[in-house]
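Residues per chain, in single letters:
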Amino acid sequence: MKKSILLMAIAIVMLAGCRHKTTQKDLQKAEAALFNEDQTMNMEAVPTAIDAFDKYAQENPEAENAADYLFRAFEVAVNTHQEPQQSIDLATRLLERYPDYDKNSVALFMLATFVYDEQLHDLDQARDCYQRIIDSYPDSPFAADAAIAIQQLGMTPEELIKMFESKNGSGL
C-alpha cells in the first residue's frame, strides 16, 4: 500500500514537471485556427487561442513579444464578446506588467468602450479608463477620442443625433 502511494506521488510529480510550454508553432496554429476559410471568426477556436496567447505571455514575461501576445489574447476576447471579466483580467495584467507598451492606450480604449460601456454598462469604470488614457497617454491618438467619449457617455442615440445636428447647424 505504501509503495502504491509512493509510486502515485512520483507519477504526479513527474507529470507536473512535463507540462507543455507554449511554442511559436502553438501560437501560429492558434492564430491560424481563429479564422475560417471565408475569413469569418471560428468561434470554436477562440477559447483555445486566447489561452495559448495568454499562456505564452505568462510563461515568457520577459520575451520581446510577450506584451504583443497578451494584447492579442485581450483583443480576441473583447472582439468576440467573451466573458467581460476575462477581458478585464487580461487588460489589467497587460497594463500592470507592461506599463510602457505602445498599445496600452488602445487596450484602455477597447476596455472602456466595448467592455465597461457596451457589455457591462458601467459608465464610471468606462470614464475612469478614458480619463486614464488622457492622463497617462496624452500623445496617443486615442486621447482626443477619450475626451469626446467622456462627454458622450450615457447619451442615448437620439441625444447624440441632436448634439451632432446642433454642432453642424442643420436638421435632417
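Note on numbering: residues in each chain are counted from 1, in written sequence order. Only residues with pLDDT of 70 or above have their local features reported here, since the model is predicted, and side-chain atom pairs are shown and tallied only from 80 upward, although totals for entire chains, interfaces and linings are computed over all residues. Neither water nor hydrogens contribute to the side-chain values; these are computed over all heavy atoms in the structure.

Trainee: How should I be thinking about the environment of phenylalanine 35 in this particular structure?
Mentor: Position of phenylalanine 35 relative to the elements: it lies in the loop between helix 2 (24-33) and helix 3 (46-59). Of the residues examined, phenylalanine 35 reaches a relative accessible area of 33% and is grouped as partly exposed. Between the C-alpha atom of phenylalanine 35 and that of valine 46, which follows or precedes it by 11 residues, the distance is 9.3 Å. Pairs of residues are marked as contacts when any of their non-hydrogen atoms sit within 4.5 Å. Sequence-distant contacts of phenylalanine 35, defined by excluding residues within four places in its chain, comprise Thr40, Met41, Asn42 and Arg72. Every helix listed is a DSSP run of H or I at least four residues long, and every strand listed is a run of E at least two residues long, numbered separately from the N terminus. Any residue under 20% of the maximum accessible area for its type is buried, any over 50% is exposed, and the rest in between are partly exposed; the area is computed with a 1.4 Å probe on protein chains only.

Trainee: Looking at this structure, how should I read helix 3?
Mentor: In an α-helix, one full turn covers 3.6 residues, which means residues spaced three or four apart are oriented alike. The span one expects for a helix is its residue count, reduced by one, times 1.5 Å. Between the first and last C-alpha of helix 3 there are 20 Å, a value that for 14 residues agrees with the 20 Å anticipated at 1.5 Å per step. For helix 3, every residue scored as buried is listed here: Val46, Ala49, Ile50, Ala52, Phe53, Asp54, Tyr56, Ala57 and Glu59. Buried residues along helix 3 sit against helix 2, helix 4 (66-79) and helix 5 (84-97).

Trainee: Looking at this model, I keep getting lost on the layout of surface pockets. Mind explaining?
Mentor: Gaps left between atoms are located by rolling a probe of water-molecule size over the structure's atoms. Lining residues are defined by having an atom within 4 Å of a point belonging to a cavity or pocket. Those points lie on a 1 Å grid over the protein atoms alone, cavities being sets where a 1.4 Å probe fits but cannot get out and pockets being open sets with protein on both sides within 12 Å along at least five of seven lines. Grid points are joined across faces, edges and corners, and a volume is the space filled by probe spheres set on the points. The space that makes up the largest pocket amounts to roughly 190 Å³. Residue lining of the largest pocket: Phe109, Thr113, Asp117, Tyr130, Asp145, Ala149, Gln152, Leu153, Gly154, Met155 and Leu160, and that is the complete set. Counting residues per element, the ones that place at least two in the lining of the largest pocket are helix 6 (104-119) and helix 8 (141-152). Of the residues in the lining of the largest pocket, the class split is 6 nonpolar, 3 polar and 2 charged. Residues are sorted three ways: Asp, Glu, Lys and Arg are charged, Ala, Val, Leu, Ile, Met, Phe, Trp, Tyr, Cys and Pro are nonpolar, and all the rest, Gly among them, are polar.

Trainee: Even after reading the chapter, I still don't get helix 8, so can you show me in this structure?
Mentor: Every buried residue belonging to helix 8 is among Ala143, Ala146 and Ala149, and all of these are buried. Axial view of helix 8: buried residues confined to an arc of 120 degrees, hence all on one face. Turned more than 90 degrees away from the buried face of helix 8 sit Pro141 and Gln151, all of them exposed. The secondary structure elements touched by the buried residues of helix 8 are helix 6 and helix 7 (123-136). At the C-terminal side of helix 8, glycine 154 shows a positive phi close to 80 degrees. By definition, the arc is the one covered by directions from the helix axis to the C-beta atoms.

These figures capture arrangement, not role.
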